[in-house]
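Read off the chains here:
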Amino acid sequence: MNKQLRKAVIAGNWKMNKTPAEATELINAIKAELDGKKTDGCEIVACVPYVDIANAVEAAKGSPIHIGAENVHWEKSGAYTGEISADMLKECGVEYVIIGHSERRQYFGETDGTVNKRVHAALEAGLKVILCVGELLTEREQGVTAEIVAKQTKIALLGVTAEQLKNVIIAYEPVWAIGTGKTATADQANEVCGAIRMVIGGLYGLKAAAGITIQYGGSMNAKNASELLAKEHVDGGLIGGASLKAPDFGVIIAAAQ
Ligand code: 13P
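Residues numbered from 1 in each chain as written. Predicted model: local features only at pLDDT ≥ 70, side-chain atom pairs only at ≥ 80, totals over all residues. Heavy atoms only, no water.

### Observations regarding the packing of aromatic side chains
Rules: Aromatic rings from Phe, Tyr and Trp, with only the six-membered ring used for Trp, were paired whenever their centres fell within 6.5 Å, and each pair was classed as stacked if the ring planes differed by under 30 degrees, edge-to-face if by over 60, and tilted otherwise. Placement of a positive charge over a ring is assigned whenever Lys NZ or Arg CZ falls within 6 Å of the ring centre and within 35 degrees of the normal to the ring plane.
Considering all chains together, one arrives at 2 aromatic pairs under this definition. In this structure, Arg104 packs its charged tip against the face of Phe108, placed 4.2 Å from the ring centre.

Right under this line is the structure:
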């Protein structure tokens, strides 16, 4: 399970922040932060609101920053008012998409079943998926964290082939650590990322398990990133609040080199 085999991925999740003009400014600020620094040790992604995509893609041109979306619908087209398809994202220059974020599960009725449908739609359109899994505080206290993330991972990946899995990153985001300032300890993060890797091993074999990128997310910041990223099973981060501050995001990217 050699960590060196895997590409670290540092992804920002901007959530519902930044207007298009502010998106241009933030991407430019991140570019300025990265200027002259080593960046090839990790893939850098900014997942932005739909309306920011055009500006973010334009601003990121010629830089190591890849642009992602924060959700995608599972149908190709049709009467789904307010939704956005994978083909639409692809045509706008989007490369990554977050699927199954806990905020979508909590506030927008996302289920493991709809996560699975979105994963298929994204992969079929040629997008890379950042699949989010994670337990609630009550579930951690009940001692069922490993079972919860295993269930979420298995259902999300139903019908996904080993070849398609190469375009899937998993983000372990304990719900109690998101936006709360409470980070999982590096050991807690490593333990659950390792458990997810075992689930992938069971489904796709050891080689796939050794190769898949598993991120940690939940109050990752400029101070705690290097300790988290040093852990064997933590191959990157999905970062909310700290990704909106270019200097902090730059420190996290430097920690992943
Ligand atoms: P915070 O980094 O703000 O806790 O958010 C984490 C997250 O939800 C990333 O998807």
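### A closer look at the pattern of salt bridges
Using the following cut-off: The working definition used for a salt bridge is a side-chain nitrogen of Lys or Arg within 4 Å of a carboxyl oxygen of Asp or Glu. Each residue is assigned to one of three classes by its accessible area relative to the maximum for its type, calculated with a 1.4 Å probe on protein chains only: buried under 20%, partly exposed between the two thresholds, exposed over 50%. Runs of E in the DSSP output that reach at least two residues are strands. Runs of H or I that reach at least four are helices, and both are numbered from the N terminus.
Taken as a whole and judged by the stated rule, the model has 13 salt bridges. Across the salt bridge formed by Arg118 and Glu110, the nearest N and O atoms sit 2.9 Å from each other. Take Arg118: its relative accessible area is 8%, and that puts it in the buried class. Among the ionic pairs, Lys231 bridges to Asp187, the shortest N-O distance being 2.7 Å. Of this pair, Lys231 sits in the loop between helix H11 (225-229) and strand E8 (236-239) while Asp187 sits in helix H9 (residues 186-204), and the two are 44 residues apart along the sequence.

### Quick look at the site of the ligand
What counts here: For each residue, the test is whether any non-hydrogen atom lies within 4 Å of the molecule or strand; if one does, the residue is near. What qualifies as a polar contact is a pair of N or O atoms within 3.5 Å, subject to a donor-acceptor requirement within protein and to the restriction that residues adjacent in sequence count only when both atoms come from side chains. Per-residue and other accessible areas follow the Shrake-Rupley method at a 1.4 Å probe size, with only the shown protein chains counted as cover for residues. The classification used treats Ala, Val, Leu, Ile, Met, Phe, Trp, Tyr, Cys and Pro as nonpolar, Asp, Glu, Lys and Arg as charged, and all other residues, Gly among them, as polar.
Neighbouring the ligand are the residues Asn13, Lys15, His101, Glu173, Ala177, Ile178, Gly179, Gly218, Ser219, Leu238, Gly240 and Gly241. The separation between an oxygen atom of the ligand and a polar main-chain atom of Ser219 is 2.8 Å. In the complex, the protein chains occlude 94% of the 310 Å² of accessible area that the ligand would expose alone. Residues of the shell around the ligand, tallied by class, amount to 3 nonpolar, 7 polar and 2 charged.

### Things to note about the environment of Asp87
Definition in use: The contact criterion used throughout is that any non-hydrogen atoms of two residues lie within 4.5 Å.
By the element assignment, Asp87 lies in helix H3 (residues 86-91). With relative accessibility at 34%, the residue Asp87 sits in the partly exposed group. Along the primary structure Asp87 and Ala125 are separated by 38 residues, whereas in three dimensions their C-alpha atoms are 5.9 Å apart. Beyond its immediate chain neighbours, meaning those up to four positions away, Asp87 contacts Lys76 and Ala125.

### A look at the packing of helix H1 (residues 20-34) against helix H2 (residues 53-60)
As a reminder, the rule being used: Here the axes come from fitting lines to C-alpha atoms, over the contacting stretch only for helices, and the angles between their N-to-C directions go from 0 to 180 degrees. Angle categories: roughly parallel below 35 degrees, roughly antiparallel above 145, roughly perpendicular from 65 to 115, and oblique for all the rest. Two helices that cross are described as forming a left-handed crossing if the nearer one is turned anticlockwise from the farther one by less than a right angle, and a right-handed crossing if clockwise.
In the contact formed by H1 and H2, the axes pass within 8 Å of each other and the chain directions differ by 25°. When the interaxial angle is binned, H1 and H2 end up roughly parallel. Here H1 and H2 pass one another in a crossing that is right-handed. For the pair H1 and H2, contact is made by Pro20, Ala21, Thr24, Ile27, Asn28 and Lys31 and by Asn55, Ala56, Ala59 and Ala60, respectively.

### Considering the sheet that holds strand E5 (residues 128-133)
Paired through backbone hydrogen bonds, the strands of a sheet run either parallel or antiparallel to each other. To be explicit about the condition: Paired strands, as defined in this entry, are two strands with at least two bridges between them according to DSSP.
Reading around the circumference, E1-E2-E3-E4-E5-E6-E7-E8 is the order of the 8 strands in this closed barrel, with parallel pairing throughout. Each neighbouring strand pair of the sheet contributes to a mean axis angle of 30°, computed without reference to strand direction. Relative to strand E6 (residues 168-172), E5 runs parallel, the two being bridged by 5 bridges. Bridge assignment links Val133 to a residue of E6, and that residue is Tyr172. Packing of helix H12 (residues 246-255) onto the sheet brings it into contact with strand E1 (8-13), strand E2 (42-47) and E8, and relative to E1 it is tilted by some 165°.

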